[in-house]
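# Per-entry structural report
Each chain is listed here by its residues.
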2 protein chains.
Amino acid sequence: MASVLRCGSKLRTAAHMPAARALSTTARRAANEKPFFPNEPAAPTVSTPIPGPKNKAAAAELDEVFDVRSLNMLADYHKSIGNYIADLDGNQLLDVYAQIASIPVGYNNPHLRQVSQSEEMITSLINRPALGNFPSSDWSHILRTGILRAAPKGLNQVFTAMAGSDANETAYKAAFMYYRQLQRGGPEVDFTAEEIESSMNNQGPGSPQLSILSFKSAFHGRLFGSLSTTRSKPIHKMDIPAFDWPQATFPMLKYPLEEHVQENAAEEKRCLEEVERLIKEYHNPVAAVMVEPIQSEGGDNHASPAFFQGLRDITKRNKVLFIVDEVQTGKAQTAGYYFGNPALRPNKPYRQFNTWMGDPSRALIFRGIIEEIERHDLVENTRITGDYLYAGLERLAKQYPEHFQNLRGKNQGTFIAWDTPKRDQFLAKAKTVGVNIGGSGAQAVRLRPMLIFQKHHADILLESIEKTINLL
Amino acid sequence: MASVLRCGSKLRTAAHMPAARALSTTARRAANEKPFFPNEPAAPTVSTPIPGPKNKAAAAELDEVFDVRSLNMLADYHKSIGNYIADLDGNQLLDVYAQIASIPVGYNNPHLRQVSQSEEMITSLINRPALGNFPSSDWSHILRTGILRAAPKGLNQVFTAMAGSDANETAYKAAFMYYRQLQRGGPEVDFTAEEIESSMNNQGPGSPQLSILSFKSAFHGRLFGSLSTTRSKPIHKMDIPAFDWPQATFPMLKYPLEEHVQENAAEEKRCLEEVERLIKEYHNPVAAVMVEPIQSEGGDNHASPAFFQGLRDITKRNKVLFIVDEVQTGKAQTAGYYFGNPALRPNKPYRQFNTWMGDPSRALIFRGIIEEIERHDLVENTRITGDYLYAGLERLAKQYPEHFQNLRGKNQGTFIAWDTPKRDQFLAKAKTVGVNIGGSGAQAVRLRPMLIFQKHHADILLESIEKTINLL
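Residues numbered from 1 in each chain as written. Chains lettered and ligands numbered in written order. Predicted model: local features only at pLDDT ≥ 70, side-chain atom pairs only at ≥ 80, totals over all residues. Heavy atoms only, no water.

## Remarks on the relation of the copies chain B and chain A
Related by rotation about an axis and a shift along that axis, the two copies of the chain form a pair. To be explicit about the condition: Residues reaching a pLDDT of at least 70 in both copies supply the C-alpha atoms on which the copies are superposed by least squares. The contact criterion used throughout is that any non-hydrogen atoms of two residues lie within 4.5 Å.
Superposing chain B onto chain A requires a rotation of 180° together with a translation of 0.0 Å along the rotation axis, leaving an RMSD of 0.0 Å. Within this description, the copies of the chain are treated as partners about a two-fold rotation axis. For chain B, the minimum C-alpha distance to the rotation axis belongs to Phe224(B) and amounts to 2.8 Å. Looking at the interface residues of chain B, 100% of them are also at the interface in chain A, so both copies use one shared face.

This is the structure in structure tokens:
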């Protein structure tokens, strides 16, 4: 059936970077060297222990009403700028964690400030619509000039959501409805009386025991459906009921890649075979395969383009949907949504629906981010800075081999990571030399600078990493 | 154990109205009669068929990228004001549906406009924090002066979320973690190796087969966990895998209440017995009971205070949590969250966590709403208008008994509904006389005016209802 092939095409969740616009190489280099934030500090400032006395007091006050045991640091966002995050004690840290990789164009970005002051924004904040019933008359325009400019070819439909978790879950719902529609024989075949009755009792056939296949170490969110596909850490999953859904092994590649070509290809082949076997054999039939382009929360695990092509081939062959979770690789763009095509619309209205269906004010911020990325060619900036940073890290890795294992993310912009035995100490000490860095998985240091991270920031980061190592 | 009793106390989700401040009766009456929005239209304007030509064209354009089959009407929010929603064709409808009962203080409320233009708002829009890791230094202040002023006595902790669905699901997660902690023997008892391993495979004991008990006709959201407790309509649930969780019967009261006192009491008793039996016997043990104070989406089903006290007694006696979903009765306040107490914090950090954990810009709007409610004593306004409106509806019900069955919501402010045999026609025709009204369940007309709805609006509504009936 033609529709299978068409709809099997990528159903993407969350953001990905739009293609860079054409600019001459010289113009690009010049753009990269001119600071995007002229008022940024020249270097980090650390004048108290972190957390300092004011931050400690504020955290204690917050703790009375809001759980702060996961607190990293309280930030003063009025004083944060560009790549620098400020705290209450006057410390200014170079931030290469970026709100768990969720913000892309710098603190207090002046263009986003303009967007926030616009009449469109004010109206959307104070007149929050139920988007499925009463969208604003400019909603089509906001989507077309914003979110949809980041849509991959062929996926011209957007379903807006609030965050990554619910974007993923609505994509799963689309997949289940699509899968059952195929089984029924098409959109025109109506539900049976048995389906209608059993669905109200949470039983099959109306509530079918279908599944989403995800990968070991994957992270797709923490609500009940998304958490059933998340396989990152027990602390994320403990005590929460989960669906009986299958997990396949994600390739664990060996580095440097060029020294393990055959081994890695064999590993990927083995994982692909496991995926296909699970699709064919798992007792709860698989409606979709869910995968991150780079496993992020789970430890910065990369796979080759051939692996993803292999996954796509398997899903096509087996008539299951292929969902790509780009929440972290796309930096979330401060909104949640998934892209699909018209065949993925359920056969009746109100099947994929909720009261708010996203937030127009966040869609306006998203549009501002896209504009900022295009205006400054930030994808190209990130490529240039990333190559420069990676080369610097390779030098450090040679110098300090005991602190650098499996350096990875070459040619992936600044999406770089490595494993290190004293990881948590490393992250804590990095703050004392002025850098805010995050970890992923059990052992990885994950770099997630924003897209406005430039070579002069990379120099500071490299120097700070070396200083930190020497403090361990 | 003391902690059971303490934590068994209400775990609330979403908003409820804060108590009205003291004002003299005369001052209240005067406040109610002075229009809150002096620039509101004096009456609805309907100058084209609805949808009119401009709205039709805009809907067709939107449909290319966004599913509009659930469209009610496209709105021009720049021109909407107070209780009146405007469309693109110059029509101005009196809105008693209020974005599926999700906005409380009127279109283009001037105080919310001020809030939206504040530096706090701009900073929160452009520097979106990961609230669990990097909250802003004024987050405690924003919570204390806003959301927490709506917290019920004894529930001094808030977990912020994005919308009703995920607020409910995080409350379920809190309940499951709490339940398992009791089973283990307290917060200090660590997870076993078996629990840790099995949780990663979505199997017990780490991912336990526990349940949330909800009620027939309930609506708690449409993500996978919340949808498993939603029992409103098959179209909401069809084809989506669901957890095997129990449902109890919600009392179906007979009206007028004063004529069916004994029958209704017997019905409520029967339902309470069913709840207790399910808690004691359901094969997947019940960790919490979830209930709406008034079933809204499911048809405006009310129960007596005695029923809710009975539920509370049963949950206490059986050591399960009692969760109250106030998303619709509290008008959602344009944000999602749940209230709890310190004993409901999980025993370790990062168990109840996600990247954003809500949105500070929506928390600022929430605070603005609370301020507006208090300044104009809108709870009292709604009581006064509601009594007036209800009396008018009682008159209409006598005059048109074939169009009014089970009129309900007396002494419930403007949260009023009735059943009518030609419900969908009634709703469609109401638009032609200038009123935007919603339905609930299969037969109910549900009124959900905003809190700024006054007697003169009630007069227009009553007149329009009568006109609509005469068009059927």
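## Section: the interface of chain B and chain A
We count it as follows: Note on terms: buried area is the combined drop in 1.4 Å-probe accessible area of two parts once they are placed together, counting the loss on both. Salt bridge criterion: a side-chain nitrogen from Lys or Arg within 4 Å of a carboxyl oxygen from Asp or Glu. Two N or O atoms count as a polar contact when they lie within 3.5 Å, although within protein this holds only if one can serve as hydrogen donor and the other as acceptor, and sequence-adjacent residues are included solely when both atoms are side-chain atoms.
Across the boundary between the two partners, chain B contributes 123 residues, which contact 123 residues of chain A. In this assembly, chain B packs against chain A so that about 11400 Å² is buried in total across both faces, 59% of it on carbon and sulfur atoms. When the buried area of chain B at its contact with chain A is split by residue, Phe66(B), Phe134(B) and Asp239(B) rank highest and sum to 7% of it. A salt bridge links Arg351(A) to Asp239(B); the nearest nitrogen and oxygen atoms lie 2.7 Å apart. Between chain B and chain A we count 83 residue pairs in polar contact (both at pLDDT 80 or more) in total.

## Considerations on the nonpolar core
The condition is simple: We call a set of buried residues a nonpolar core when its members are Ala, Val, Leu, Ile, Met, Phe, Trp, Tyr or Cys and they connect through side-chain atoms within 4.5 Å of each other. Per-residue accessibility, obtained with a 1.4 Å probe over protein chains only, is compared with the maximum for each type, and a residue is labelled buried under 20%, exposed over 50%, and partly exposed between these values.
If you look at the biggest cluster of nonpolar residues, it comprises 155 residues, and the most contacted ones within it are Phe66(A), Leu143(A), Phe176(A), Phe66(B), Leu143(B) and Phe176(B). With near-sequence residues (within four places) excluded, Phe66(B) lies in contact with Leu131(A), Trp139(A), Leu143(A), Gln157(A), Val158(A), Thr160(A), Arg345(A) and Met357(A).

## Quick look at the environment of Phe339(B)
Note the threshold: Put simply, DSSP marks the helices as runs of H or I at least four residues long and the strands as runs of E at least two long, and each gets a number from the N terminus on.
You can see Phe339(B) is positioned in strand 9 (residues 336-340). Separated by 181 residues in the primary sequence, Phe339(B) and Val158(B) have C-alpha atoms spaced 4.6 Å apart.

## Some thoughts on the pattern of salt bridges
For the coordinates displayed, the defined rule picks out 56 salt bridges over all chains. Taking the shortest distance from any N to any O, the salt bridge between Arg144(B) and Glu61(A) comes out at 3.7 Å. Separated into two different chains, Arg144(B) in helix 7 (residues 139-145) and Glu61(A) in helix 3 (residues 53-63) make up a pair that spans both. Overall, the relative accessible area of 29% leaves Arg144(B) in the partly exposed class. Residue Glu276(A) is joined to Arg317(A) by a salt bridge in which the shortest nitrogen-to-oxygen separation is 2.6 Å. Of the two residues, Glu276(A) sits in helix 12 (residues 261-281) while Arg317(A) sits in helix 13 (residues 305-317), which places them 41 residues apart along the sequence. The class for Arg317(A) is exposed, based on a relative accessible area of 52%. In the salt-bridge network here, residues are joined through shared partners; they are Arg180(A), Arg184(A), Glu195(A), Arg351(A) and Asp239(B).

## Some remarks on the domain arrangement of chain A
Quoted interface sizes are often the accessible area lost when the parts come together. Residues and elements named next belong to chain A. Spelled out, the test is: Delimitation of the domains relies on an automatic or database domain assignment.
Per the domain assignment, the segments of chain A are domain 1 (2-15 + 117-374) and domain 2 (25-109 + 379-471). Domain 1 and domain 2 are separated by 29 Å when their C-alpha centres are compared. Across the boundary between the two partners, domain 1 contributes 18 residues, which contact 25 residues of domain 2. On the domain 1 side of the interface with domain 2, the three residues burying the most area are Tyr255, Asp300 and Lys331, jointly 37% of the side's total.

## Focus on the pairing of strand 5 (residues 211-215) of chain B
All names here are of chain B. What counts is decided by this rule: For two strands to pair, DSSP has to find at least two bridges joining them.
By the criterion of burial, strand 5 is predominantly enclosed, with 5 of the 5 residues buried. Neither face of strand 5 is left uncovered, since the one carrying Ser211, Leu213 and Phe215 and the one carrying Ile212 and Ser214 both have all their residues buried. Here 3 bridges tie strand 5 to strand 7 (residues 286-291), and the two strands are oriented parallel to one another. Across the sheet, residue leucine 213 finds its bridge partner in strand 7, namely valine 289. Where strand 5 meets strand 6 (residues 247-248), 2 bridges bridge the pair, whose relative direction is parallel. The residue bridging phenylalanine 215 from the neighbouring strand is alanine 248, located in strand 6.

## Re the packing of helix 12 (residues 261-281) of chain B against helix 13 (residues 305-317) of chain B
Residues and elements named next belong to chain B. Rules: The convention used is that axes are lines fitted to C-alpha atoms, helices contributing only their stretch in contact, and that angles between N-to-C directions extend from 0 to 180 degrees. For classification purposes, angles smaller than 35 degrees are called roughly parallel, those larger than 145 roughly antiparallel, those between 65 and 115 roughly perpendicular, and all remaining angles oblique. Put simply, a crossing is left-handed when the front helix is turned counterclockwise from the back one by less than a right angle, and right-handed when it is turned clockwise. Ten residue types, Ala, Val, Leu, Ile, Met, Phe, Trp, Tyr, Cys and Pro, are classed as nonpolar, four, Asp, Glu, Lys and Arg, as charged, and the remainder, Gly among them, as polar.
The N-to-C vectors of helix 12 and helix 13 enclose an angle of 20°; their axes lie 10 Å apart at closest approach. Taken together, the axes of helix 12 and helix 13 lie roughly parallel to each other. In terms of crossing hand, the pair formed by helix 12 and helix 13 is right-handed. Touching Glu268, Cys271, Leu272, Val275, Glu276 and Ile279 of helix 12 are Phe307, Gly310, Leu311, Ile314 and Arg317, all from helix 13. Grouping the amino acids of the contact of helix 12 with helix 13 by side-chain chemistry returns 7 nonpolar, 1 polar and 3 charged.

## What to know about the sheet that holds strand 10 (residues 405-408) of chain A
Residues and elements named next belong to chain A. A sheet is described by the order of its strands in space; here 4 strands give the open sequence 10-11-14-13, paired in antiparallel fashion. Looking along the sheet, the strands with just one partner apiece sit at the ends: strand 10 and strand 13 (438-440). Strand-to-strand twist of the sheet, defined as the mean angle between neighbouring strand axes without regard to direction, takes the value 25°. Note: strand 10 against strand 11 (residues 416-419), 2 bridges, orientation antiparallel.

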